[in-house]
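Residue-level structural notes
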Amino acid sequence: MKKLGMLLVLVMIVTMVVPVGAEQPTLETPPSAKGEAQIYLARLIDEPVVAYEGGIKGLQATKPAKGEKINPNNPKVQKYVQYLDTQHNAALDKVGARDNKVYDYRYSFNGFAARLTPAQVVALQAQPEVLGVWADEIMEVDTVTTPDFLGLTEQGGLWDMGVTGEDVIIGLVDSGIWPESMSFSDRTGTNPNGKDGKLSYQQIPGWHGKCVPGEEFNASDCNQKLIGAQYFNAGYGGDDGIDADRPWEFNSPRDYNGHGTHTASTAGGNSGVPAEVDGVDLGAINGIAPRARIAMYKACWSTEDGSTASCPASDTTAAIDQAVADGVDVINYSIGGSTTLMNSAVGISFLYAADAGIFVASSAGNSGPGASTVAHNTPWQTTVAAGTHDRFYAGTVYLGDGTSYDGASIDSRGAGPADLVYAGDAGDALCHIGSLDPAVVTGKIVVCDRGDIARVDKSYAVMLAGGIGMVHANVDPASINADLHSVPTVHVDDVAGAAIRAYAQTSGATAELTGGILESVEAPDVAAFSSRGPALAGAGDLLKPDIMAPGVDVLAAVAPPGNRGRNFDFYSGTSMSSPHIAGIAALI
């Protein structure tokens, strides 16, 4: 109890948060009879496997006893699944659309996804056994010393008591995983490829998950740490849809974006993994539940620049359904959701998952600091806000007029003294890649305004144009972040940004950048981007988010393709805070 009380104090309960991504509205009015077919999700009246208590002739109850999990190979479960599939087909037959079925959902949600015309949707809604129909929606992902900060390592803390998540299975619905990361090795004393050393994990009895091979991913890429890896793309158009629309993606559980690898290593990555990036030793990183097992359910597909990933609700619902069937103990869902609805397919799936004893952690969203922007407002999900950390990488901008401004910077190399220019005078104030004029930028420090594109893309643009350093200037009140940049960079707030921007536009402006000084700061504070309450769903009767965890400049493993070849990186967002709570749930 001492440990749990300490965690609650340090992680901090809050009453405000916000969501990102598209919503999944129930169709309140029938669609027009005209229009092209698209994917819809439907819920049918019978209970899913985890909740069925009997009552249908010839079908025994499948709801697991308290503390137990379902066994998808049990004959009575298989018989009930067959019954549900028959009901799905019957409903689709009535509207002439059985051949258009995309998914069957059976374990945590009873229903299906199918490609339907508006007229077929109207006919489907009219069937008494159909409880709800939702149009498929594309949602977006909500993009070292944390265990110390949360009190896990101190005397009386969970790690000190030997509680590290042994044999607990964390399932992540996300953008995939980079299996070569040392965070997911099942051996001790391994080399950087994780292939040598002594096996330190054993097989878990009763685990039903699997590793599905695909593009640049073999079943052998899993091990006794990474015990499951599957991918779901039917809602995105299947293999052909991915190959045509996002050919850079791995049509497999392999992560391109890095988001899934980051959340997985944060929640349950191994402890003591050395992190070095661009020659900078960042120390050792640790998952919150370092002895937990990882199962990845890829349902999010990356943009080419790796800045975000798209997650169709039909695919994420299928991923949740499979995770429940496989027997995970915890699910992390760092993906956007509705700010107004509880009865989405995803929300209902999590209701039955929670009823089956699975803990669900979800990101609150990155739409703060405005009020009532929090997503995932159902009471059976733990909705997580993002807070600051007690470590801060400080940097300073020294201007030629004798003034200086403090900010965030992890790069100890520094830059200058050198001429200082404003990016708006070099072709593009926002520093899009390829937009800056090398004739203006070469050999200079560049002031780039924040916004529109990923922060690290701006410094990459400066580097490509020949610049030697960057001042990343906020234009509104917002967080400042010590990212890993392509050139030495100091990120400053909007007040300092305005002053530096004005000076850069004067004749003979110069600057010098210093950084990489690790400081201890008072924390936690709610991050500016973190979505706030009160919740709009439930008529405002629910306090959301439920809890706060570190979500600013979180260092974890990533996938190199979407991160300029890096194996580790700092990410910020409620996507990063949610897996902290998933890991803590795995511990306790």
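This text goes with the structure placed above it.
This is a predicted model, so every value here is computed, not measured. Here the residue index of a chain counts from 1 through its sequence in written order. Residues qualify for local features only when their pLDDT is at least 70, as the model is predicted, and side-chain atom pairs are given and counted only at 80 or more; totals for whole chains, interfaces and linings, by contrast, use all residues. The side-chain quantities take in all heavy atoms of the structure and omit both hydrogens and water.

Remarks on the pairing of strand S9 (residues 226-231)
Every other side chain in a regular strand lies on the same face of the sheet, so the side chains alternate between the two faces. Think of it in three bands: with a 1.4 Å probe and only protein chains considered, a residue is buried below 20% of the maximum accessible area for its type, exposed above 50%, and partly exposed in between. Secondary structure elements follow DSSP: runs of H or I of four or more residues count as helices, runs of E of two or more count as strands, with numbering from the N terminus. For S9, the buried fraction is high: five of the six residues fall into the buried class. By definition, two strands form a pair when at least two bridges between them are found by DSSP. In this sheet, strand S12 (residues 293-298) lies alongside S9 in parallel orientation, the contact comprising five bridges. Each residue of the ladder has a partner; that of Gln230, found in S12, is Tyr297.

Describing the sheet that holds strand S2 (residues 101-105)
If you walk across this open sheet you meet the four strands as S2-S3-S1-S4, and the pairing is antiparallel. For this open sheet the edge positions go to S2 and strand S4 (130-135), each flanked by a neighbour on one side alone. Neighbouring strand axes in the sheet, compared pairwise and without regard to direction, differ in orientation by 20° on average. Relative to S4, strand S1 (residues 38-44) is paired through five bridges, and the arrangement is antiparallel. Along S4, the bridge assignment pairs Leu44 with Val130. Contacts are assigned to residue pairs that have any heavy atoms within 4.5 Å of one another. All axes here are fitted lines through C-alpha atoms, helices being fitted over the stretch that makes contact, and every angle between N-to-C directions spans 0 to 180 degrees. Contacting S1, S2 and strand S3 (111-116), helix H2 (residues 75-93) crosses the sheet at an angle of about 30° to S3.

Re the side chain of Thr378
With respect to the secondary-structure elements, Thr378 resides in the loop between strand S16 (359-363) and strand S17 (382-387). Polar contact is the term for a pair of N or O atoms within 3.5 Å; when the atoms are in protein, one must be able to donate a hydrogen and the other to accept it, and sequence-neighboring residues count only if both atoms are side-chain atoms. Here Gln381 takes part through its side chain, which lies 2.5 Å from a polar atom of the side chain of Thr378. Residues in contact with Thr378, not counting those within four places in the same chain, are Met342 and Lys544.

Considering the packing of aromatic side chains
Only rings of Phe, Tyr and Trp enter the pairing, Trp through its six-membered ring, and a pair is recorded when the two centres are within 6.5 Å. The plane angle decides the type: under 30 degrees is stacked, over 60 is edge-to-face, the rest tilted. Considering all chains together, one arrives at 10 aromatic pairs under this definition. Seen in terms of ring centroids, Tyr52 and Tyr80 are 4.1 Å apart; in terms of plane orientation they differ by 5°. Their pairing is stacked. Note that Tyr52 is positioned in the loop between S1 and H2 and Tyr80 in helix H2, a separation of 28 residues in sequence. Grouping aromatic residues by their ring pairs yields a cluster made of Tyr103, Tyr105, Phe109 and Trp134. Whether a charge sits over a ring depends on NZ of Lys or CZ of Arg being within 6 Å of the ring centre and within 35 degrees of the ring normal. Sitting above the plane of the Trp178 ring, Arg254 keeps its charged end 4.5 Å from the centroid. Taking the ring centre of Tyr201 as reference, the NZ or CZ of Arg291 above it sits at 3.9 Å.

Structural notes on the pattern of salt bridges
The term salt bridge refers to a pairing of a side-chain nitrogen on Lys or Arg with a carboxyl oxygen on Asp or Glu at a separation within 4 Å. Under the defined criterion, the tally for this structure stands at 21 salt bridges. The salt bridge partner of Arg564 is Asp457, with a shortest N-O separation of 2.4 Å. Here Arg564 is found in the loop between strand S26 (554-557) and strand S27 (568-571), whereas its partner Asp457 is found in helix H10 (residues 455-464), with 107 residues between them in sequence. Salt bridges sharing partners connect three or more residues here, namely Asp85, Lys101, Asp104 and Arg106.

Focus: the packing of helix H7 (residues 313-326) against helix H8 (residues 345-355)
It is at 9 Å that the axes of H7 and H8 come closest, and there the two elements cross at 10°. The angle between the axes of H7 and H8 places the two elements in the roughly parallel class. Contacts from Thr316, Thr317, Ile320 and Val324 in H7 reach Ala345, Val346, Ser349, Phe350 and Ala353 in H8. For the contact of H7 with H8, the residue count by class is six nonpolar, three polar and no charged. Here is the rule for angles: anything less than 35 degrees is roughly parallel, anything more than 145 is roughly antiparallel, 65 through 115 is roughly perpendicular, and the remaining ranges are oblique. Classification used: nonpolar for Ala, Val, Leu, Ile, Met, Phe, Trp, Tyr, Cys and Pro, charged for Asp, Glu, Lys and Arg, polar for all others including Gly.

Side note on the packing of helix H6 (residues 259-268) against helix H12 (residues 574-587)
Packing of H6 against H12 brings their axes to within 8 Å, and their N-to-C directions diverge by 35°. For the pair H6 and H12, the crossing hand works out as right-handed. Every residue of H12 that contacts H6 at His259, His262, Thr263, Thr266 and Ala267 is listed here: Ser575, Met576, Pro579, His580, Ala582 and Gly583. Residue composition of the contact of H6 with H12, by class: four nonpolar, seven polar and no charged. In this scheme the handedness of a crossing depends on how the near helix is turned from the far one: anticlockwise by less than a right angle means left-handed, clockwise means right-handed.

The values reported here are purely geometric and, on their own, carry no functional implication.
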